[in-house]
Structure formats: C-alpha cells, structure tokens
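What the coordinates show
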Amino acid sequence: MIKIFVYGDQEKMANYANALEGCGATGIFSLDLAPAKDCAGLLLPGGGDISPARYGQECAGSEEPDLQRDAAELQLVSDFLAWGKPILGICRGVQMLNVALGGDLIQDIPTAAEHKHDPVTGDQTHGVIAEENSFLFPLYGKEFSVNSAHHQALGRLAPGLRLAARSAKDGVIEAVEWPEKRILGVQWHPERMSFALRRQDTVDGRAIFETFLSLCK
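Since the model is a prediction, treat every value here as computed from it, not as a measurement. (Residues numbered from 1 in each chain as written. Predicted model: local features only at pLDDT ≥ 70, side-chain atom pairs only at ≥ 80, totals over all residues. Heavy atoms only, no water.)

Some details on the state of the cysteines
This is how it is decided: Two cysteine sulfurs form a disulfide in these notes if their separation is within 2.5 Å.
All told, the structure shown has 0 disulfides when counted by the stated rule. With no disulfide partner, C91 has as its closest neighbouring cysteine sulfur the one in C59, 18 Å distant.

This is the structure in structure tokens:
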C-alpha cells in the first residue's frame, strides 16, 4: 500500500486519512520528520497562515503563525524535492508550496468574504476555471464548482509552478502544478468533497487524490 507522509496529528486530520484510505493509500501522520523518507509522497494539508517573514513581507492581515509547522513543512518540501517524490498541497498546503519554492502570498484577499469558511454554514462554494493544459481539465472540464475556506491566496507564482485554475468570479489563483516535478496544489479542500463528505454542489474531490496517488506509484 502506498504510504503518504502528512505533518500533523492523525486525530485532528481524520478527513485526510479517510480520503487517502478510500483511494487505497495509507497516511503516515507524524510530527517527527524521520518517517517521511520511507513514504512515496508528501501531502501538505490545510491549516493556519504561514509567517509572512517566510516570503519577505511584514504582517498585513495574516493570523498568528505556527512557526514550528512552517519550519517543518518547508524542510519536507525541500526533502521531497531532493528525493524526487510527488507533493500535493491542499489550501494552506498550496500556499506552502508556493512559499517554499520562492513565491509569495496575498495576506488577505479583497474578496475574502466570498472564500472564507463560515462558522455557521461551513465551507463556501464557487466556480473555478481550469487551464486546458492543466491536470484538472481532464478530470472536471473547463469550469466546475469547489468548496472554499481561505482568506489568503497565492500572489507571485514561484519559478517552476504554472497556473492550473483560477476562481471564476474574481480571478484568485485556485490551483497550480509543476508536472516535471510531480507537484500539484489546490486552494480548495478535496478531502471535504469526497467519500462520506461528498457534496452535491461540487465536483468529487476523490479525483484529486487518485491523480496524486497515480504519480506516487
């Protein structure tokens, strides 16, 4: 069975564990980086904001960062790149990919109210438009609906990353990829769009995990 490393506590990341398991893989959840080397790929999950100092900015709307997590995930991206193994970034994870590779972030997008998780109603939904040469186009077509739970977004893309999708309404970057390095990143939460959490108002997030795992074989 394919093993995927995830930095964190499995009890707090059950949705990721369930999505990986549903696709026939095993998530190795740990705050110790040592087990990562024996894994076939890296999943960078969602979470809080990354320290703006990591991309050369002063705080301008970012929430308090987890500096230990920032450092650990930056190290993991470096390691998995060196090992030539695939990486999937989800929400915070795609932002971490961009920062780790030399890009930056928009700390509080002007249309954040249309993208943020609502404490009462949960994730929002909106349309995205995929690039025709992207990994998303064969999965979902040109325009499709996803969930949304973020207030930050990718700004300047890191060298090597290419645009895969934007938000249909405001043009916010919603997905990136680096095919040669087997790197994928989405700003939405496919683990909350698949299996027991499958939604009728979005596409099936399972296809994202299946595509990533196919790169890990």
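Considering the packing of helix α2 (residues 67–83) against helix α3 (residues 92–100)
Which entries qualify depends on this criterion: Whenever a helix is involved, its axis is fitted only over the stretch in contact; in every case the axis is a line through C-alpha atoms, and angles between N-to-C directions fall within 0 to 180 degrees. A run of DSSP states H or I qualifies as a helix once it reaches four residues; a run of E qualifies as a strand once it reaches two. Both are numbered from the N-terminal end. Just so you know how the angles are binned, under 35 degrees is roughly parallel, over 145 roughly antiparallel, 65 to 115 roughly perpendicular, and the rest oblique. When the near helix sits turned anticlockwise from the far one by under a right angle, the crossing is termed left-handed; a clockwise turn instead gives a right-handed crossing. Any two residues whose heavy atoms approach within 4.5 Å are treated as being in contact. Polarity classes work like this: nonpolar for Ala, Val, Leu, Ile, Met, Phe, Trp, Tyr, Cys and Pro, charged for Asp, Glu, Lys and Arg, and polar for all others, with Gly in that last group.
Between α2 and α3, the shortest axis-to-axis distance is 10 Å and the interhelical angle comes to 65 degrees. Judged by the inter-axis angle, α2 sits roughly perpendicular to α3. Here the hand of the crossing between α2 and α3 comes out right-handed. Each of R69, D70, E73, L74 and V77 in α2 lies in contact with α3, whose residues at this interface are R92, M96, L97 and A100. Here the residues of the contact of α2 with α3 sort into 5 nonpolar, no polar and 4 charged.

So, α3
Spelled out, the test is: Each residue is assigned to one of three classes by its accessible area relative to the maximum for its type, calculated with a 1.4 Å probe on protein chains only: buried under 20%, partly exposed between the two thresholds, exposed over 50%.
Of all 9 residues in α3, 8 are buried; the element is thus mostly enclosed. For α3, the full list of buried residues reads R92, G93, V94, Q95, M96, L97, N98 and V99. Note on α3: the residue one or two positions beyond its end, G102, has a positive phi of about 110 degrees.

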